[in-house]
Every structure is written in structure tokens, then in C-alpha cells.
Amino acid sequence: GEKVEQHESTLSVREGDSAVINCTYTDTASSYFPWYKQEAGKSLHFVIDIRSNVDRKQSQRLIVLLDKKAKRFSLHITATQPEDSAIYFCAASRYYQGGRALIFGTGTTVSVSP
Amino acid sequence: EAAVTQSPRNKVAVTGGKVTLSCNQTNNHNNMYWYRQDTGHGLRLIHYSYGAGSTEKGDIPDGYKASRPSQENFSLILELATPSQTSVYFCASGDAVHQDTQYFGPGTRLLVL
């Protein structure tokens, strides 16, 4: 069935460096790709998304790239800060009976050290 | 921002017992979802609903039922709980127009002994 694979399970970076998380998807009908952040012991909250009509989107220090041919998308966290330490989940839209929902990757634990 | 609440926040159940997890959202969203989160699996969709009275099976529905009695409430029911259902359960909601954006509740930690 449809899958979203998140390639890095953990990522350690120094404060100020960039962190890059890569995901691939299998469903060619997927057109929406959000990213969620989960801080320790907390719930998920939305951070940024990209739709298939563009290949790049930036929101402050976050950049999302989408390569539809390769069915790959990535999250770039630039100038990392300690508060960026969290688990990040990528997701892709998929069609279910009656509508659309999300299928998630397995998460990347990002640790930012001073 | 959307407000999604879950109860209970923590639950210990015995094998074979019945467990009901409740979710409430106050933003009049049509769509609601139940996920479980397990290490190595990320979030997996159990059941979802596109409106009051409707429930649909997600990717891992076996052993779970769902109920959507109203726009605001969406319950997940484990009729005969098993230790393999020990997990963290998240409810989420989204509106029908921007149905891709989901807002998550705080989660329920369930331990089945």
C-alpha cells in the first residue's frame, strides 16, 4: 500500500548549523505534504507544508523542497536553535473512502547541541 | 487555533476489558481522526469520520471501533483490550474545505496489562 518513508531516524546538529530531513512517498496522487513537530512529551503541531503545484516553500527558518519526479520532499531547518530539538514527522495526503487523510512517516528525532 | 481535547489523558486497563477514549473539538470541523503512535511506526490511522454519524476504517482498524455521535465528539472503543493495544492515541480534526490541515489533541497514554 501507500507509504511515506522518513530516511533519518535521528539527527544531531550543532546550534547554528542546518538540519535536513528527507522523505519519500509512493502514491503518485499525493498532492499535499505537511510537516509536524512533536516536542518531548507533547502533541504534534503543524509547522509547514507544501503542495504539489510548487517545488519550494519557506517560512522563516524552515524550507521545504518537493521533487515530484523522484517522489521526494525534504525539510531544511536553517540556523538551528536549541528549541528546534524535537521529533519531526513528514506526511503525505492520500485518498481514503469518502475523502482524504494523511499518511505519516516514522519520525526524525532532531537534537541541537550548543 | 483549533482546540481538540482528549480524555482520559492516561488509562490503565486489563486484558479483555472495554476501553473508551473520547475526543472533543470545539471548532466545528467536519473531519476527525484517530491515530496511534508507536516507536518505529510513526502515526498510524485507525478510524476517521467526515461528519456526525459517519465512521470509516483507516489502515489499522482491527480491534477498534469508532463512534461519531455529534460534530464535536469522536470516540475510539476497544471492546476487548489486548496488551498489543498499549500505545499513545491521538485524535485530530480538520475542516472539510482545508481538510489536509489537521489539529491534534494532547494524546491519551493507554497501558493494557
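Before going into details, it helps to say that this report is about the structure given with it. (Residues numbered from 1 in each chain as written. Chains lettered and ligands numbered in written order. Predicted model: local features only at pLDDT ≥ 70, side-chain atom pairs only at ≥ 80, totals over all residues. Heavy atoms only, no water.)

**Structural notes on the overall build of chain A**
Then, number 1: The helix and strand inventory of chain A stands at zero helices and eleven strands.
Then, number 2: The order of helices and strands in chain A, counted from the N terminus, is β-β-β-β-β-β-β-β-β-β-β.
Then, number 3: For chain A, the C-alpha radius of gyration of 14 Å lies close to 13 Å, the compact-globule estimate for 114 residues.
Then, number 4: Counting only C-alpha atoms, chain A reaches 45 × 30 × 20 Å along its principal axes.
Then, number 5: Across the 114 residues that make up chain A, the buried fraction comes to 48%.
Then, number 6: Long-range contacts, defined as pairs at least 24 residues apart, comprise 51% of the intrachain contacts of chain A with a sequence gap of at least 6.
Then, number 7: By element, 47% of the accessible surface of chain A is carried by carbon and sulfur atoms, the whole surface being about 5,500 Å².
Then, number 8: Charge-centre separation for chain A: the mean point of 14 positive side chains lies 5 Å from the mean point of 12 negative side chains. (Helix = DSSP H or I, 4+ residues; strand = E, 2+ residues; numbered from the N terminus. Rg over C-alpha atoms; globule rule 2.2 N^0.38 Å. Buried < 20%, exposed > 50% of the residue type's maximum accessible area, 1.4 Å probe, protein only. Contact = heavy atoms within 4.5 Å. Areas by Shrake-Rupley, 256 points an atom, 1.4 Å probe, with all protein chains shown as cover. Lys, Arg positive; Asp, Glu negative; His and termini not counted. Charge placed at Lys NZ, Arg CZ, Asp CG, Glu CD.)

**Some points on the side chain of S30 of chain A**
Residue and element names in this part refer to chain A.
Then, number 1: Along the chain, S30 falls in the loop between β3 (19-25) and β4 (32-38).
Then, number 2: Note on S30: relative accessible area 7%, which makes it buried.
Then, number 3: With near-sequence residues (within four places) excluded, S30 lies in contact with Y25, A92 and S93.

**Topic: the pairing of strand β9 (residues 86-96) of chain A**
All names here are of chain A.
Then, number 1: β9 sits mainly inside the fold: nine of its eleven residues count as buried.
Then, number 2: Bridge count between β9 and strand β11 (residues 108-113): three bridges; the pairing is antiparallel. Bridge pairing in β11 links I87 to T109.
Then, number 3: Both β9 and strand β10 (residues 99-104) contribute to a ladder of six bridges, which runs antiparallel. The residue of β10 that forms the bridge with A92 is I103. (Pairing = 2+ DSSP bridges.)

**Regarding the interface of chain A and chain B**
Then, number 1: With 20 residues of chain A at the contact, the number on the chain B side is 21 residues.
Then, number 2: Roughly 1,800 Å² of surface becomes buried between chain A and chain B when both sides are summed, with 49% attributable to carbon and sulfur atoms.
Then, number 3: It is Y96, R100 and F104 of chain A in chain A that bury the most area against chain B; as a group they hold 27% of the surface buried on that side.
Then, number 4: The closest approach of N and O atoms between D59 of chain B and R94 of chain A, which form a salt bridge, is 3.1 Å. (Buried area = accessible area lost by both parts, 1.4 Å probe. Salt bridge = Lys/Arg side-chain N within 4 Å of Asp/Glu carboxyl O.)

**A closer look at the nonpolar core**
Then, number 1: Core analysis: the largest hydrophobic core is formed by 25 residues, its most contacted members being V4, W35, F73 and L75 of chain A.
Then, number 2: Among the secondary structure elements, those contributing two or more residues to this core are β2 (10-14), β3, β4, β5 (44-51), β7 (62-67), β8 (72-77), β9 and β11 of chain A.
Then, number 3: Of all hydrophobic cores here, the second largest spans 19 residues; its members include L102 of chain A together with L43, Y48 and A92 of chain B. (Core = buried A, V, L, I, M, F, W, Y, C linked by side-chain atoms within 4.5 Å.)

**Examining the sheet that holds strand β6 (residues 56-59) of chain A**
Residues and elements named next belong to chain A.
Then, number 1: Read from one edge to the other, the open sheet built from five strands follows the order β1-β3-β8-β7-β6, with strand pairing classed as antiparallel. Edge positions in the sheet fall to β1 (4-6) and β6, since each has one partner strand and no second. Mean inter-strand twist for the sheet, computed between neighbouring axes without regard to direction, equals 15°.
Then, number 2: When β6 meets β7, the two strands line up antiparallel, connected through four bridges. Across the sheet, residue Q58 finds its bridge partner in β7, namely I63. (Axes fitted to C-alpha atoms, helices over the stretch in contact; angles between N-to-C directions.)

**A look at the pattern of salt bridges**
Then, number 1: If you walk through the whole model with that rule in mind, you get nine salt bridges over all chains.
Then, number 2: Between E39 of chain A and K37 of chain A there is a salt bridge whose closest N-O contact spans 3.6 Å.
Then, number 3: Owing to a relative accessible area of 27%, E39 of chain A belongs among the partly exposed residues under this scheme.
Then, number 4: As a salt-bridge pair, R44 of chain B and D38 of chain B come within 3.0 Å of each other at their nearest N and O atoms.
Then, number 5: If you follow the salt bridges from partner to partner, you end up with E2 and R94 of chain A together with D59 of chain B in one network.

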